[in-house]
Amino acid sequence: MKKVLIGIIVGIISGMFAAGGGLLLVPVYTYILKLDEKDARATSLFCILPMVILTAIIYAHNNFIDWNLGIKCALGGIIGGFLGGKLLNKISNKYLQIIFIIFLIYAGINMITR
């Protein structure tokens, strides 16, 4: 039940703020459910796929998607996702944590200053 509740909470946040996988699921999987860093990231990506598809359908239905921009960024995201997946195997968990923390701090500062 706890895992379903985590999914519901992350799904609501993802639907409202377009965030969830990396920002919420990875820390939850790592610190609450005690998954390995790499397993947490891979499981997060697997879990956000259905959330993203459903949310994108709702956003598209309400004409919120800039298709030209979205398609171009999606192509870049496919390439980046492939490269990131390959790099994940080469980076230790310690450095993954440090990089992730730096990313979260950067994202938080950007959100506050905008």
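Here is a short report on the structure shown in this document.

The rules we used
- Residues numbered from 1 in each chain as written.
- Predicted model: local features only at pLDDT ≥ 70, side-chain atom pairs only at ≥ 80, totals over all residues.
- Heavy atoms only, no water.
- Core = buried A, V, L, I, M, F, W, Y, C linked by side-chain atoms within 4.5 Å.
- Buried < 20%, exposed > 50% of the residue type's maximum accessible area, 1.4 Å probe, protein only.
- Helix = DSSP H or I, 4+ residues; strand = E, 2+ residues; numbered from the N terminus.
- Axes fitted to C-alpha atoms, helices over the stretch in contact; angles between N-to-C directions.
- Left-handed = near helix turned anticlockwise from the far one by under 90°.
- Contact = heavy atoms within 4.5 Å.
- Nonpolar A, V, L, I, M, F, W, Y, C, P; charged D, E, K, R; others polar.
- Patch = residues over 30% accessible without salt bridge, like charges linked within 9 Å, V, L, I, M, F, W, Y side chains within 5 Å.
- Areas by Shrake-Rupley, 256 points an atom, 1.4 Å probe, with all protein chains shown as cover.
- Salt bridge = Lys/Arg side-chain N within 4 Å of Asp/Glu carboxyl O.
- Expected span 1.5 Å × (residues − 1).
- Arc of directions from axis to C-beta.

**With respect to the nonpolar core**
Turning to step 1, where the next piece is worked out: With 10 residues, the main nonpolar core is built from Ile6, Val10, Leu25, Val26, Val28, Tyr29, Ala40, Ile48, Met51 and Phe100.
Turning to step 2, where the next piece is worked out: For this core, the secondary-structure elements that each account for two or more residues are helix H1 (2-17), helix H2 (21-32) and helix H3 (37-61).
Turning to step 3, where the next piece is worked out: The dominant element in this core, judged by the number of residues it contributes, is H2, at four residues.

**Quick notes on unusual backbone geometry**
Turning to step 1, where the next piece is worked out: Within the chain, Lys34 stands out as a residue other than glycine whose phi angle is a positive 60°.
Turning to step 2, where the next piece is worked out: Along the chain, the position of Lys34 falls in the loop between H2 and H3.
Turning to step 3, where the next piece is worked out: Even without glycine at this site, Asn63 takes up a positive phi of about 60°.
Turning to step 4, where the next piece is worked out: Under the relative-accessibility criterion, Asn63 is labelled exposed at 67%.

**Regarding the environment of Ser44**
Turning to step 1, where the next piece is worked out: Within the fold, Ser44 resides in helix H3.
Turning to step 2, where the next piece is worked out: Distance from Ser44 to Leu23, taken between C-alpha atoms, is 9.8 Å for residues 21 residues apart in sequence.

**Structural notes on the packing of H1 against H3**
Turning to step 1, where the next piece is worked out: Following both chains from N to C, one finds H1 and H3 inclined at 35°, their axes separated by 10 Å at the closest point. Between H1 and H3 lies a crossing of right-handed hand. Seen from H1, the contacting residues are Gly7, Val10, Gly11, Ser14, Gly15 and Met16; seen from H3, they are Met51, Thr55 and Tyr59.
Turning to step 2, where the next piece is worked out: In terms of residue class, the contact of H1 with H3 is made up of four nonpolar, five polar and no charged.

**Looking at a nonpolar patch on the surface**
Turning to step 1, where the next piece is worked out: Together, Met1, Val4, Leu5, Ile8, Ile9, Ile12, Met16 and Phe17 line one region of the surface with nonpolar side chains, adding up to about 900 Å² of accessible area.
Turning to step 2, where the next piece is worked out: In this fold, Met1 is placed in the segment before H1.

**Focus: H1**
Turning to step 1, where the next piece is worked out: With 16 residues, H1 should reach 22 Å at 1.5 Å per residue; the first-to-last C-alpha distance of 22 Å fits that figure.
Turning to step 2, where the next piece is worked out: Listing the buried residues of H1 in full gives Ile6, Val10 and Ser14. Seen end-on, H1 carries its buried residues on one side only, within an arc spanning 65°. In H1, the exposed positions that point more than 90 degrees away from the buried face belong to Val4 and Met16.
Turning to step 3, where the next piece is worked out: Positive phi appears at Ala18, one or two residues downstream of H1, with a value of about 55°.

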